[in-house]
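As a plain string of letters, each chain reads:
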Amino acid sequence: MQNLMPRISLFSMTSLVVISLSGCGVSKIQECNSMGKVVKDNKTAVDKIETATESKNSDNIIQSLLSTSTEVDKLSKEMQGLEIKDEKLVNLQSQFAKLYQDNSKGLTDTAKGLQTKNKPMTNAAIAKMQEGDKQEVIMIKSFNTYCGWSGKESKAETAAPAQKK
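So, how was this worked out
- Residues numbered from 1 in each chain as written.
- Predicted model: local features only at pLDDT ≥ 70, side-chain atom pairs only at ≥ 80, totals over all residues.
- Heavy atoms only, no water.
- Helix = DSSP H or I, 4+ residues; strand = E, 2+ residues; numbered from the N terminus.
- Buried < 20%, exposed > 50% of the residue type's maximum accessible area, 1.4 Å probe, protein only.
- Contact = heavy atoms within 4.5 Å.
- Areas by Shrake-Rupley, 256 points an atom, 1.4 Å probe, with all protein chains shown as cover.
- Core = buried A, V, L, I, M, F, W, Y, C linked by side-chain atoms within 4.5 Å.
- pLDDT = per-residue confidence, 0-100.
- Polar contact = N/O pair within 3.5 Å; in protein donor to acceptor, adjacent residues only side chain to side chain.

Examining the overall build of the chain
Argument step 1. For the chain, the helix and strand inventory stands at five helices and zero strands.
Argument step 2. Starting at the N terminus and ending at the C terminus, the chain contains elements arranged as α-α-α-α-α.
Argument step 3. The 165 residues of the chain split such that 34% are buried.
Argument step 4. For the chain, contacts bridging at least 24 residues in sequence account for 66% of all contacts bridging at least 6.
Argument step 5. Element-wise, carbon and sulfur atoms account for 58% of the exposed surface of the chain, whose accessible area totals about 10600 Å².

Notes on the nonpolar core
Argument step 1. Grouped together as the largest cluster of nonpolar side chains are 28 residues, with contacts concentrated most on M35, M79, L89, F96, Y100 and F143.
Argument step 2. Breaking this core down by element, the ones donating at least two residues are α2 (28-54), α3 (58-81), α4 (87-115) and α5 (119-147).
Argument step 3. Counting residues per element, this core draws most heavily on α4, which supplies eight residues.

Here we look at the confidence of the model for the chain
Argument step 1. Taken residue by residue, the chain gives an average pLDDT of 81. The fraction at 70 or more is 75%.
Argument step 2. Element-level pLDDT for the chain is lowest in helix α1 (residues 4-22), with a mean of 41, against a maximum mean of 96 in α4.
Argument step 3. Confidence drops under a pLDDT of 50 for residues 4-24, and excluding neighbours within four residues, the segment shows zero contacts in the predicted structure.
Argument step 4. The low-confidence segment residues 152-158, where pLDDT is below 50, has 18 contacts with residues more than four positions distant or belonging to other chains.

Here we look at unusual backbone geometry
Argument step 1. A positive phi angle, close to 55°, is found at K117, a residue other than glycine.
Argument step 2. Looking at the secondary structure, you find K117 in the loop between α4 and α5.
Argument step 3. What makes K117 exposed here is its relative accessible area of 73%.

Considering the side chain of S76
Argument step 1. On the secondary structure map, S76 appears in helix α3.
Argument step 2. Owing to a relative accessible area of 1%, S76 belongs among the buried residues under this scheme.
Argument step 3. Here A97 takes part through its backbone oxygen, which lies 2.9 Å from a polar atom of the side chain of S76.
Argument step 4. In this structure S76 touches A97, Y100 and Q101, once residues within four positions along its chain are discounted.

Structure follows, in structure tokens:
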């Protein structure tokens, strides 16, 4: 019986250390949720443009494009600033950050094109963003699949993560 007590105590201490250390690292799920929040915030920001274009007021559209460009640029920096350790997620993180930088520039260029009534500039910026949109859909699908979010939990177009713990 006396030999059993030290073994139980040692087992209890070992279990406590393992449990404590496992809480120190950020899990893949937490990293997915962090990135998913930024992706979803980007979608929300870009959706504001659609509302502005419905008004057909060019000043409102231009202002919305510039405002969204600033917001998307901040989200690009936020995405870059996330501490991601998972190798696959690190790759997606850099792709999303680059895409958001490109989209921010595209939104600004579109606004400038509209302000100066430079149709070729406007069309080129829009075309570049549309190509980025196609790439983003692929990236989001890959992201959702890797994070284990099914279509019921998350639409590929929105990357709305199901909150997992």
